[in-house]
Amino acid sequence: MDIEKIRAIDVHTHAEVSCQQPHDDYRPELDEAFAKYFKSDKRPTMQETADFYRDQNMALVMFTIDSEHEVGKKRIPNIEVAECALKNDDVMLAFASIDPHKGRMGAREARELIENYGVKGFKFHPTVQGFYPNDRMAYHLYEVIAEYKLPMLFHSGHSGFGSGVKGGGGLRLEYSNPMHLDDVAIDFPDNPVIIAHPSWPWQDEALSVAMHKPNVYIDLSGWLPKYFPKQLVQYANTLLKKRMLFGIDFPLITPERWMNDFEEAGFREEVKPLILKENAIEMLGLKPNS
């Protein structure tokens, strides 16, 4: 990856379609509500996403979400995401997603993905995986990730998954309160811990954790910048300018829409390069032509 030539690194994109297995519509009410909530049911393949970002002169981090325990939906294979990243290593990095309920088997999978497939980090979604991030049950998995000092990215705040479904599909928003990540940042101080999204309704909690723990980052995905809470922009411009990361939640939001808003959302000119690329280079440990 030629990090000097790309204009941005998107740390939050989703693998939505597997080319190795059919879509699992085990709970179609969640898919239907998801499409209604985000006003889109378009799901590009991984290769289409990589090609799109190449055309945009951007790099991306891609992952799936393993929600087999809580939702009962078959996951897209992590190996498929990793192999796509290896094939498109000029623009793409792979994070893996492993349900922490898989315990030591999940830890074994994590090690294999790191050692044999070059996975660069791990994505967690506490609401759809049904766990508190500071639950010791998850530490078998975290401890393997910690050996390699890789990033751990956690969904935070409200969730489009389950929105509008009866009983929210049984998914609990409380799991994604970013304050639960305070313990994770303490116990794994050498790992970057990324709080994904403006963490509404817990934005101040996210900012507090990031202010207090120097290994904590915030990615700006999932919302158009014109809707960002004012305190998020304030801290991005000042005390947390080195720990804000560009992310959009593609394909739910496109780079063009996000970038257009970003220009008008009150971010200082000197901060924009940090958010768009430089902070991610530091956090991911990238080197020229890496």
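Anything mentioned here points back to the structure above.
Please read these numbers as outputs of a predicted model, since none were measured by experiment.

Engineer: Looking at this structure, how should I read helix α4 (residues 103–117)?
Structural biologist: Because each turn of an α-helix spans 3.6 residues, side chains separated by three or four positions end up pointing in the same direction. In this model α4 runs 20 Å from its N-terminal to its C-terminal C-alpha over 15 residues, within 8% of the 21 Å that 1.5 Å per residue would give. Buried within α4 we find G103, G106, A107, E109, A110, L113 and I114. One side of α4 carries all its buried residues, which in axial view fall inside an arc of 160°. Opposite the buried face of α4, at more than 90 degrees from it, the exposed residues are R104, M105, R108 and N116. Check the buried side of α4 and you find it contacts α3 (78–87), β4 (122–124) and α6 (139–147). At the C-terminal side of α4, G118 shows a positive phi close to 65°.

Engineer: Hey, could you run me through the environment of L60 in this one?
Structural biologist: With respect to the helices and strands, the residue L60 is situated in strand β2 (residues 58–63). Relative accessible area serves as the criterion here: at 0%, L60 is assigned to the buried category. The sequence separation of L60 and Q203 amounts to 143 residues, and the corresponding C-alpha distance is 25 Å. For L60, the contacting residues outside a window of four places in its chain are D10, T13, T49, A50, Y53, V91, M92 and L93.

Engineer: It is not clear to me how the nonpolar core should be interpreted in this structure. Could you clarify?
Structural biologist: A general tendency of soluble globular proteins is for nonpolar side chains to be buried together. Formed by 67 residues in total, the largest nonpolar core has its most connected members in F122, Y142 and W258. With sequence-adjacent residues up to four places away left out, F122 is seen in contact with F95, A96, I98, A110, I114, I145, L150, P151, M152 and L153.

Engineer: Explain the pattern of salt bridges to me, please; I cannot follow it from the model alone.
Structural biologist: In this structure the tally under the stated criterion is 12 salt bridges. Notably, a salt bridge pairs D66 with R75, separated by 3.0 Å at the nearest N-O pair. For D66, a relative accessible area of 0% puts it in the buried group. Residue R75 is classed as buried on the basis of its relative accessible area, which comes to 16%. Three or more residues joined by partner-sharing salt bridges are found here, namely D66, E68, R75, K102 and E109.

Engineer: Sorry, what's going on with unusual backbone geometry here?
Structural biologist: A negative phi holds for most residues other than glycine; trans holds for most peptide bonds. The peptide bond linking W200 to P201 adopts the cis configuration, its omega dihedral lying at 10°. Mapped onto the elements of the fold, P201 is located in the loop between β6 (193–196) and α8 (203–212). With an omega of 10°, the peptide bond running from F250 to P251 counts as cis. Positive phi, close to 60°, is recorded for N57, a residue that is not glycine. Note that N57 resides in the loop between α2 (46–55) and β2. Its identity as a non-glycine residue notwithstanding, K149 has a phi of 55°, on the positive side.

Engineer: Please explain the sheet that holds β6 as it appears in this structure.
Structural biologist: By way of backbone hydrogen bonds, the strands of a sheet pair with one another, either parallel or antiparallel. Read from one edge to the other, the open sheet built from five strands follows the order β4-β5-β6-β7-β8, with strand pairing classed as parallel. At either end of the open sheet lies a strand with only one pairing partner, and these are β4 and β8 (244–245). In terms of strand pairing, strand β5 (residues 152–155) meets β6 through four bridges, oriented parallel. Residue pairing for β6: L153 is matched across the bridge by I194. Sheet contacts for α6: β4 and β5; angle to β4, the most-contacted strand, approximately 150°. Contacts between α8 and the sheet are confined to β6, β7 (216–219) and β8, with β7 contributing the most and set at about 140° to the helix.

Engineer: In this structure, what is going on with the packing of aromatic side chains? I would like to understand it.
Structural biologist: A ring pair, where both rings are aromatic, is described by two values, the distance of the centres and the angle of the planes. Summed over the entire model, instances satisfying the criterion amount to 17 aromatic pairs. Positioned over the ring face of F262 is K272, at 6.0 Å from the centre of the ring.

About the criteria used
- Residues numbered from 1 in each chain as written.
- Predicted model: local features only at pLDDT ≥ 70, side-chain atom pairs only at ≥ 80, totals over all residues.
- Heavy atoms only, no water.
- Helix = DSSP H or I, 4+ residues; strand = E, 2+ residues; numbered from the N terminus.
- Expected span 1.5 Å × (residues − 1).
- Buried < 20%, exposed > 50% of the residue type's maximum accessible area, 1.4 Å probe, protein only.
- Arc of directions from axis to C-beta.
- Contact = heavy atoms within 4.5 Å.
- Core = buried A, V, L, I, M, F, W, Y, C linked by side-chain atoms within 4.5 Å.
- Salt bridge = Lys/Arg side-chain N within 4 Å of Asp/Glu carboxyl O.
- Pairing = 2+ DSSP bridges.
- Axes fitted to C-alpha atoms, helices over the stretch in contact; angles between N-to-C directions.
- Phe/Tyr/Trp six-rings, centres within 6.5 Å; stacked < 30°, edge-to-face > 60°.
- Lys NZ or Arg CZ within 6 Å of the ring centre and 35° of its normal.

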